[in-house]
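# A closer look at the structure
Below, each chain spelled out in residue letters.
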Amino acid sequence: MSTVGIRYENPDPRIARIVLARPDTRNAKDTDLLYALNDAFDQAARDDAVKVIILAADGPHFSSGHDMREDLDGAMDGRTTVGTWCGFGCDGAEGYMAREKEIYLGFSERWRNIPKPTIAEVQGKVIAGGLMLVWPCDIVIAAEDAIFADNTVAMGIAGAEFFNHPWELGVRKAKEMLFTSDAVTAADAHRLGMVNHVVPNDELSEFTLTLARRIADQPMFALKLAKESVNTAQDNQGRVNAMQTSFAAHQLCHAHNRIIGGHIIDTSFLTRQQEIARRW
């Protein structure tokens, strides 16, 4: 099991607590961290004693999203991949799309369908790719200072790779979030149904653990089937097909930006990102 940037805990024999442990980067997601996180989810899923999985984060912020400083040359070399996509070293759009298919869309879908209840324990900023760690979880507990933002449209990209926005926020708020790059507060996220509970920061971990223990009192097989039933209901609304379409649009934006400006994002974002961040 890879543990780069991840800490695995058992605060209760029936509960696994997986912690993002890169606070110096605001828990930015690089390739090593994502594979380590996937290993930790696998460990918890395969442990029959574990009934509930908590995803938490060290430091003041849950996740700043993708680690844009990572050198992607060779980032996939030697990986034991979990999906069937291939061609990570191919030129043009092919190799980049393959990587994102595996570690962004692929991992998020995989974690969403873990047959055990999962709870995201969220504080501070959750930006773009950070949403793709929160949204696959079944329940979201937010600290009062939590904010959620997807600034990818400002980057010239049509939304994050795991495009769950309409199901999390509703169509109108999803469009506003994307069109403006403005953040959604914990209180608004709760009002809109994206967050289950909002609690004071100093009560976040204890509240989450108490809820996890209540869930762990339930029969495991019934929990698994209840989760599968709700996920299936959501998928039958067209979520899977919509996700594939939005992922293709995301890749088209990367290719377009490369042609226009030589980079996977709109390079004008680099001069505007501080102004956007000040609004959060």
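One structure accompanies this document, and this report is about it. Bear in mind the structure is a predicted one, so any value in this text is a computation, not a measurement.

Scoring rules and cut-offs
- Residues numbered from 1 in each chain as written.
- Predicted model: local features only at pLDDT ≥ 70, side-chain atom pairs only at ≥ 80, totals over all residues.
- Heavy atoms only, no water.
- Pairing = 2+ DSSP bridges.
- Helix = DSSP H or I, 4+ residues; strand = E, 2+ residues; numbered from the N terminus.
- Axes fitted to C-alpha atoms, helices over the stretch in contact; angles between N-to-C directions.
- Contact = heavy atoms within 4.5 Å.
- Buried < 20%, exposed > 50% of the residue type's maximum accessible area, 1.4 Å probe, protein only.
- Right-handed = clockwise from strand over helix to strand, strands pointing away.
- Phe/Tyr/Trp six-rings, centres within 6.5 Å; stacked < 30°, edge-to-face > 60°.
- Patch = residues over 30% accessible without salt bridge, like charges linked within 9 Å, V, L, I, M, F, W, Y side chains within 5 Å.
- Areas by Shrake-Rupley, 256 points an atom, 1.4 Å probe, with all protein chains shown as cover.
- Salt bridge = Lys/Arg side-chain N within 4 Å of Asp/Glu carboxyl O.
- Lys, Arg positive; Asp, Glu negative; His and termini not counted.
- Charge placed at Lys NZ, Arg CZ, Asp CG, Glu CD.
- 1 Å grid on protein atoms, 1.4 Å probe; cavity = no way out; pocket = protein on both sides within 12 Å on 5 of 7 lines; lining within 4 Å.
- Points joined across faces, edges and corners; volume = space filled by probe spheres on them.
- Nonpolar A, V, L, I, M, F, W, Y, C, P; charged D, E, K, R; others polar.
- Polar contact = N/O pair within 3.5 Å; in protein donor to acceptor, adjacent residues only side chain to side chain.

### Looking at the sheet that holds strand 1 (residues 6-12)
The mixed open sheet is built from six strands, whose spatial order is 1-2-3-4-6-9. Since the sheet does not close on itself, it has two edges, and those belong to strand 1 and strand 9 (197-199), each with one partner. On average, each strand axis in the sheet is tilted by 20 degrees relative to the strand beside it, whichever way the strands run. Those strands touched by helix 1 (residues 31-46) are strand 1, strand 2 (15-20) and strand 3 (52-57), and its axis lies near 25 degrees from that of strand 1.

### Here we look at the pairing of strand 3
Within strand 3, six of the six residues are buried, which leaves it mostly tucked inside the rest of the structure. Burial of the side chains of strand 3 extends over both faces: V52, I54 and A56 are buried on one face and I53, L55 and A57 on the other. Judged from the six bridges that link them, strand 2 and strand 3 form a sheet pairing that is parallel. What sits directly across from A16, in strand 3, is I53. After leaving strand 3, the chain enters helix 2 (residues 92-112) and then returns to the sheet as strand 4 (residues 118-122), a path that is right-handed.

### Notes on the packing of aromatic side chains
Scanning the entire structure with this criterion turns up three aromatic pairs. Both rings, one in Y35 and one in F107, keep their centres 5.0 Å apart while their planes meet at 80 degrees; by these two values the pair is edge-to-face. Residue Y35 is located in helix 1, and its partner F107 is located in helix 2; the two are separated by 72 residues in the primary sequence. Each member of the pair Y35 and F107 is classed as buried. With a centroid separation of 5.3 Å and an interplanar angle of 20 degrees, the aromatic rings of F107 and W111 are classed as stacked. In this pair, F107 and W111 are both assigned in helix 2, four residues apart and thus about one turn of the helix distant. There is no split in this pair, since F107 and W111 are both buried.

### A closer look at the environment of T25
Within the fold, T25 resides in the loop between strand 2 and helix 1. Residue classification places T25 among the buried residues on the basis of a relative accessible area of 10%. Between the C-alpha atom of T25 and that of H61, which follows or precedes it by 36 residues, the distance is 9.5 Å. Those residues within four positions of T25 in sequence are excluded, and the remaining contacts are S64 and R69.

### Focus: a negative patch on the surface
Together, E144, D145, D202 and E203 make up a negatively charged patch on the protein surface. Among the secondary structure elements, D145 is positioned in the loop between strand 6 (139-143) and strand 7 (147-149).

### So, the layout of surface pockets
Space inside the largest pocket adds up to approximately 1,000 Å³. If you go around the largest pocket, you meet 40 residues; those closest to its centre are S64, H66, M68, M155 and Q273. Sorting the residues of the lining of the largest pocket by element identifies helix 2, strand 5 (125-127), helix 8 (220-261) and helix 9 (269-278) as the ones contributing at least two each. The biggest single contributor to the lining of the largest pocket is helix 9, with five residues. Looking at the lining of the largest pocket residue by residue, the classes come out as 15 nonpolar, 15 polar and 10 charged. Each pocket or cavity is described by its volume, and for the second largest pocket that value is around 510 Å³. Mapped onto the lining of the second largest pocket, the elements with two or more residues apiece are strand 6, helix 4 (165-169) and helix 8. Residue composition of the lining of the second largest pocket, by class: 14 nonpolar, six polar and four charged.

### Points about unusual backbone geometry
The phi dihedral of N27 is positive, around 55 degrees, even though this residue is not glycine. With respect to the element layout, N27 can be found in the loop between strand 2 and helix 1. One non-glycine residue, S181, lies in the positive phi region at around 65 degrees. Its relative accessible area of 3% is what places S181 among the buried residues.

### Some thoughts on the side chain of R239
Residue position: R239 is located in helix 8. In terms of polar contacts, R239 uses its side chain to reach the side chain of E109, at 2.8 Å. Of note is the side chain of R239, whose polar atom sits 2.7 Å from the side chain of D235. Beyond its immediate stretch of four places on either side in the chain, R239 contacts E109, R112, F162, N164, W167 and Q234.

That is the geometry; function is a separate question.
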